[in-house]
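Working through the structure, step by step
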Amino acid sequence: MSDAAVELPSTSWERRKIEAMSRIQRVALDLFDAHGYRNVTIERVAAEAGVSPSSVYRYFGTKEMLVLHDEADPKVLDAIRTAGGAATVEPVDLIAVARMLVPLLIDSLLTEESERRIRQRLQYMAAIPEIKVGQTKQMRDLEDQFRTLFADRTGFGPNDLRVRMAAATAVWGCVAALDHWAGKDFAGPLKDVYTQAIGSIIDQIEVMFR
């Protein structure tokens, strides 16, 4: 796969939307750090970010999603969608491409700023019950997206047990990696944790399809 698979979307509207959401989330997290999550309103976030409250609701839907939104998720899904071309491929071939993609994705997505933001987000996921509940729903939704995409790329049924297990392993394995990093008080670069964790995840998925 070329580097283009991890670049920002090509249209100016998509770029502006991603940039706006990134700015709003950054402002929100900094406000939560300074004043406490429950003491900051959507209206205050909007004012500090230079947008209308309706724009915040349109982009994020809920206050919880200001924490939960992960701008890397659609990029990872797009990389899987385009990896090796659009044709249906054997699972082992898709997995082989994934092994080549992992270093590119990690280097592209885990910048110093994104790592700082992930650290902030994880702290609120652990501390605020409604955010923790929202995270579980978000991960189940992501698992469904991954399962559907994996089925589309390989020609397997979306209810195939191996496809379901692959999706669950990918999504919840990454959650476990983040929980591990948080449990170690964020010691060491997240890139190192993810490199080790995703390598293990790919190994497990490969065994499922042998």
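Residues numbered from 1 in each chain as written. Predicted model: local features only at pLDDT ≥ 70, side-chain atom pairs only at ≥ 80, totals over all residues. Heavy atoms only, no water.

The secondary structure content of the protein chain amounts to ten helices and zero strands. Each helix and strand of the protein chain, placed in order from N terminus to C terminus, yields the pattern α-α-α-α-α-α-α-α-α-α. Dimensions of the protein chain along its principal axes, counting C-alpha atoms only, are 50 × 40 × 30 Å. Buried positions account for 42% of the 210 residues belonging to the protein chain. In the protein chain, the proportion of contacts linking residues at least 24 apart, taken out of those at least 6 apart, comes to 73%. Surface exposure of the protein chain reaches about 11,100 Å², of which carbon and sulfur atoms provide 55%. Positive and negative charge centroids in the protein chain, built from 26 and 30 side chains respectively, lie 3 Å apart. (Helix = DSSP H or I, 4+ residues; strand = E, 2+ residues; numbered from the N terminus. Buried < 20%, exposed > 50% of the residue type's maximum accessible area, 1.4 Å probe, protein only. Contact = heavy atoms within 4.5 Å. Areas by Shrake-Rupley, 256 points an atom, 1.4 Å probe, with all protein chains shown as cover. Lys, Arg positive; Asp, Glu negative; His and termini not counted. Charge placed at Lys NZ, Arg CZ, Asp CG, Glu CD.)

Let's shift gears to the pattern of salt bridges. Pairs can form between side chains of opposite charge whenever their charged atoms are close. All told, the structure shown has 15 salt bridges when counted by the stated rule. The residue Lys 191 makes a salt bridge to Asp 107 at a minimum N-O spacing of 3.8 Å. Taken together, the residues span a long stretch of sequence, with Lys 191 in helix 10 (residues 190-208) and Asp 107 in helix 6 (residues 91-109) at a distance of 84 residues. By relative accessible area, which is 53% here, Asp 107 ends up exposed. The partner of Glu 113 in a salt bridge is Arg 117, with the nearest N and O atoms 3.4 Å apart. Placement of both Glu 113 and Arg 117 in helix 7 (residues 112-127) is noted, with a separation of four residues, approximately one turn of the helix. What makes Glu 113 partly exposed here is its relative accessible area of 30%. (Salt bridge = Lys/Arg side-chain N within 4 Å of Asp/Glu carboxyl O.)

Further remarks concern the layout of surface pockets. Counted as a void, the largest pocket has a volume near 1,200 Å³. Lining the largest pocket are 50 residues, with Asp 73, Val 76, Leu 109, Cys 174 and Ile 198 sitting closest to its centre. Those elements that provide at least two residues to the lining of the largest pocket are helix 1 (12-35), helix 5 (72-82), helix 6, helix 7, helix 8 (129-154), helix 9 (161-183) and helix 10. Ranked by residues supplied to the lining of the largest pocket, first place goes to helix 6 with ten residues. Split into classes, the residues belonging to the lining of the largest pocket amount to 35 nonpolar, eight polar and seven charged. (1 Å grid on protein atoms, 1.4 Å probe; cavity = no way out; pocket = protein on both sides within 12 Å on 5 of 7 lines; lining within 4 Å. Points joined across faces, edges and corners; volume = space filled by probe spheres on them. Nonpolar A, V, L, I, M, F, W, Y, C, P; charged D, E, K, R; others polar.)

Another aspect to go through is the nonpolar core. Judged by nonpolar contacts, the single largest core of 64 residues is most densely connected at Phe 32, Leu 66, Val 67, Tyr 124, Ile 131, Leu 190 and Tyr 194. Ranked by residues supplied to this core, first place goes to helix 9 with nine residues. Once you skip the residues sitting within four places of it in the chain, Leu 190 turns out to touch Leu 110, Glu 115, Ile 118, Leu 178 and Trp 181. (Core = buried A, V, L, I, M, F, W, Y, C linked by side-chain atoms within 4.5 Å.)

Our next topic: the environment of Gly 157. Looking at the element boundaries, Gly 157 is found in the loop between helix 8 and helix 9. Since its relative accessible area comes to 36%, Gly 157 is described here as partly exposed. A sequence separation of ten residues divides Gly 157 from Arg 147, and the C-alpha atoms of the two residues are 9.3 Å apart.

Moving on, we get to helix 3 (residues 53-60). Of the positions making up helix 3, those classed as buried are Ser 55, Val 56 and Phe 60. End-on, the buried residues of helix 3 take up no more than an arc of 105 degrees, which puts them together on one face. Summarising the contacts, the buried residues of helix 3 are in contact with helix 1, helix 2 (42-49) and helix 4 (64-68). Of the residues flanking the end of helix 3, it is Gly 61, one or two places downstream, whose phi is positive at about 85 degrees. (Arc of directions from axis to C-beta.)

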